[in-house]
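Tertiary structure, described
Each chain, letter by letter, is given below.
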Amino acid sequence: MPDSQPQPQPPSNSSGSSGPSDPAVLLLCGARLTDGRTVDVRLGGGRIEAVGTTGSLAPGPTRTGVTRVDLSGYLLLPAPAEPHAHGDTALSGDRAGPASCAPDDVQRRATEAALRQLGHGATALRAHVRVGDVQGLGALGAVLRARRSLRGLAELTAVAMPRLLTGVAGADGLAMLRDAVKMGASVVGGCPDLDPDPTGYVETVLEVASEHGCPVDLHTDAADPARLSRLAAMAGGLRPGVAIGPCAGLARLPADAASRAADQLAAAGVTVVCLPQGGCAGADRRGTAPVRLLRAAGVRVAAGSGALRDVSNPVGRGDPLEAAYLLASLHGLRPEDAYDAVCASARAVLGLPEVRVEAGFPAELLAVRGDHLAGALSLAYSRIVVHRGRVVARTSAVREYCDSAVAAELGLPRQGRGELS
């Protein structure tokens with residue numbers, strides 16, 4: 001759960017505007033909740049104003065511009081978040097050779113990737129971006145421009161990832177990291193496993209993060225228990241927090257070593273971000289962290305997408321519901337716990353407030369066709385995404401069958417005309 005939770009407040013009549021009317025209202029009608037209730041939900045001012053039985057909510061006598069959205073047949077959920085994306089390399093897997101570092105190319109790919117993930121339901125994203133070497137700060141600048149273009153649609157934050165930070169070769173990387181934070185990277189990260197001195201790399205990242213009050217998000221395979229123990233000892237108590245991932249190496253450790261490492265991470269308050277859908281450019285080996293072991297030890301576990309159709313995973317989808325499906329299907333989590341990994345825990349990694357479908361909470365919502373969570377994770381094709389109280393994306397899927405006796409008997413939707421050839 002997040003370190004601090006918003007307290008639901010009663011709807012306010014004050015909108016901060018000079019006119020006599022409150023801002024436009026969005027009324028979500030006939031939505032099903034995970035507890036089985038069918039409700040209407042009124043949104044205003046970027047928050048959930050009220051939740052009531054179907055037909056019980058009115059916009060109020062002073063409200064204008066009311067928009068109603070029929071959610072009959074949809075399950076309404078808090079919107080997921082994407083805690084581990086790679087905006088600078090996304091959608092580059094179709095071309096030969098390394099991804100283009102040209103700023104215009106990076107901005108276009110980062111924007112398109114964020115919009116694809118928004119369509120899946122993620123209204124907030126964290127993008128890891130390499131700094132230094134050939135690209136310098138160009139890729140970061142491009143991702144930050146993409147962030148500005150996405151305002152009002154999705155929240156995009158950037159993690160600065162230098163290659164080296166120790167020794168003579170690391171001096172330039174350290175200077176580049178400090179410049180990246182000044183430029184607008186709000187999270188400090190990188191890949192300590194690739195530095196000749198991994199512990200020194202972590203020390204440097206934590207020092208820069210402490211100087212600027214930034215969160216830390218590091219790539220590591222977590223295959224070395226001693227190195228992981230040192231990281232946990234150094235990271236303990238750091239605010240606003242430390243996340244590591246994908247940590248697939250933990251699953252390859254002997255059970256007792258993995259358990260000790262999990263206990264150390266839990267004691268230090270370090271979050272693990274796993275990648276059930278595949279690897280990413282910052283991790284050499286694929287696999288998924290032992291999520292049940294980590295959760296049992298008290299480690300907060302979030303799930304991200306990692307690579308989105310780059311050379312690390314040419315078929316990556318960037319779909320948080322697919323990540324939740326894989327956690328439930330392959331790793332034995334209950335659907336509720338699997339969805340928590342891409343929703344509440346992912347939002348906590350990003351430092352965002354908790355969302356519940358209750359009055360007073362942020363209006364960050366995802367409606368998926370279905371009537372219960374397990375079914376939605378299995379076949380969540382049609383989706384409606386709400387960000388700051390506004391519908392920002394819709395995906396509709398239609399499945400029809402040819403006119404046949406079995407289709408008629410089962411009441412399946414049939415094609416309007418003709419038959420499949």
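This text follows the structure it describes.
Residues numbered from 1 in each chain as written. Predicted model: local features only at pLDDT ≥ 70, side-chain atom pairs only at ≥ 80, totals over all residues. Heavy atoms only, no water.

Think of two packed helices as two axes; the pair is described by the angle between the axes and how far apart they sit. Running from N to C, helix H5 (residues 225-235) and helix H6 (residues 255-268) cross one another at 10 degrees; their axes reach a closest spacing of 8 Å. Comparing the axis directions of H5 and H6 gives the class roughly parallel. Of the residues in H6, those in contact with Pro-225, Leu-228, Ser-229, Ala-232 and Ala-235 of H5 are Ala-257, Ala-261, Gln-264, Leu-265 and Ala-268. Here the contact of H5 with H6 is composed, by residue class, of 8 nonpolar, 2 polar and no charged. (Axes fitted to C-alpha atoms, helices over the stretch in contact; angles between N-to-C directions. Helix = DSSP H or I, 4+ residues; strand = E, 2+ residues; numbered from the N terminus. Parallel < 35°, antiparallel > 145°, perpendicular 65-115°, else oblique. Contact = heavy atoms within 4.5 Å. Nonpolar A, V, L, I, M, F, W, Y, C, P; charged D, E, K, R; others polar.)

Our focus in this paragraph is the nonpolar core. The biggest cluster of nonpolar side chains holds 81 residues, and the ones touching the most others in it are Ile-244, Leu-250, Leu-265, Leu-294 and Tyr-339. If we ignore the near neighbours within four places in the chain, the residues touching Leu-294 are Leu-250, Ala-262, Leu-265, Val-272, Ala-289, Val-299 and Val-301. Formed by 19 residues, the second largest nonpolar core is a distinct cluster that contains Leu-33, Val-69, Ala-363 and Val-386. (Core = buried A, V, L, I, M, F, W, Y, C linked by side-chain atoms within 4.5 Å. Buried < 20%, exposed > 50% of the residue type's maximum accessible area, 1.4 Å probe, protein only.)

Most of strand E8 (residues 155-162) sits out of view: 6 of its 8 residues are buried. A crossover links strand E7 (residues 124-131) with its parallel partner E8, the connecting element being helix H2 (residues 138-149), and its sense is right-handed. Examined bridge by bridge, E8 and strand E9 (residues 187-190) share 2 bridges and lie parallel to one another. What sits directly across from Ala-160, in E9, is Val-188. (Right-handed = clockwise from strand over helix to strand, strands pointing away. Pairing = 2+ DSSP bridges.)

All chains considered together, the criterion is met by 2 cavities of 30 Å³ or more. Taken together, 14 residues make up the lining of the largest cavity; nearest its centre are Ala-85, His-86, Gly-87, Ala-113 and Gln-117. For the lining of the largest cavity, the leading source of residues is helix H1 (residues 103-120), giving 4 residues. Split by residue class, the lining of the largest cavity holds 10 nonpolar, 4 polar and no charged. In this structure, the second largest cavity occupies an estimated 30 Å³ of space. (1 Å grid on protein atoms, 1.4 Å probe; cavity = no way out; pocket = protein on both sides within 12 Å on 5 of 7 lines; lining within 4 Å. Points joined across faces, edges and corners; volume = space filled by probe spheres on them.)

Now for the sheet that holds strand E10 (residues 216-220). Spatial strand order, E6-E7-E8-E9-E10-E11-E12-E13: 8 strands in an open sheet with parallel pairing. Edge positions in the sheet fall to strand E6 (82-85) and strand E13 (301-303), since each has one partner strand and no second. Between one strand axis and the next, the sheet turns through 25 degrees on average, direction left out of account. Summarising the sheet, E9 and E10 pair through 3 bridges and their orientation is parallel. Among the inter-strand pairings, Val-188 is bridged to a residue of E10, identified as Val-216. Each of E7, E8 and E9 is contacted by helix H3 (residues 170-183), which is oriented at about 165 degrees to E8, the strand it contacts most.

Right, let's talk about the packing of H1 against H2 for a bit. The geometry of H1 relative to H2 is characterised by a closest axis approach of 8 Å and an angle of 45 degrees between their N-to-C directions. The angle between the axes of H1 and H2 places the two elements in the oblique class. As H1 packs across H2, the resulting crossing turns out to be right-handed. Packed against H1, whose contacting residues are Pro-103, Val-106, Gln-107, Ala-110 and Thr-111, the element H2 presents Gly-138, Ala-139, Ala-142, Val-143, Arg-145, Ala-146 and Ser-149 at the interface. Looking at the contact of H1 with H2, its residues break down into 7 nonpolar, 4 polar and 1 charged. (Left-handed = near helix turned anticlockwise from the far one by under 90°.)

A cis geometry characterises the amide bond from Arg-239 onward to Pro-240, with omega recorded as 15 degrees. By secondary structure assignment, the location of Pro-240 is in the loop between H5 and strand E11 (242-246). Here the amide bond leading from Gly-245 into Pro-246 is cis, since omega sits at 0 degrees, within 30 degrees of zero. Position of Pro-246 among the secondary structure elements: in strand E11. Unusually for a residue other than glycine, Ala-222 sits at a positive phi of about 60 degrees. Within the secondary structure, Ala-222 sits in the loop between E10 and H5. A relative accessible area of 4% means that Ala-222 is categorised as buried. Its identity is not glycine, yet Arg-388 carries a phi of approximately 55 degrees, on the positive side.

Any functional reading would require information that these geometric values do not contain.
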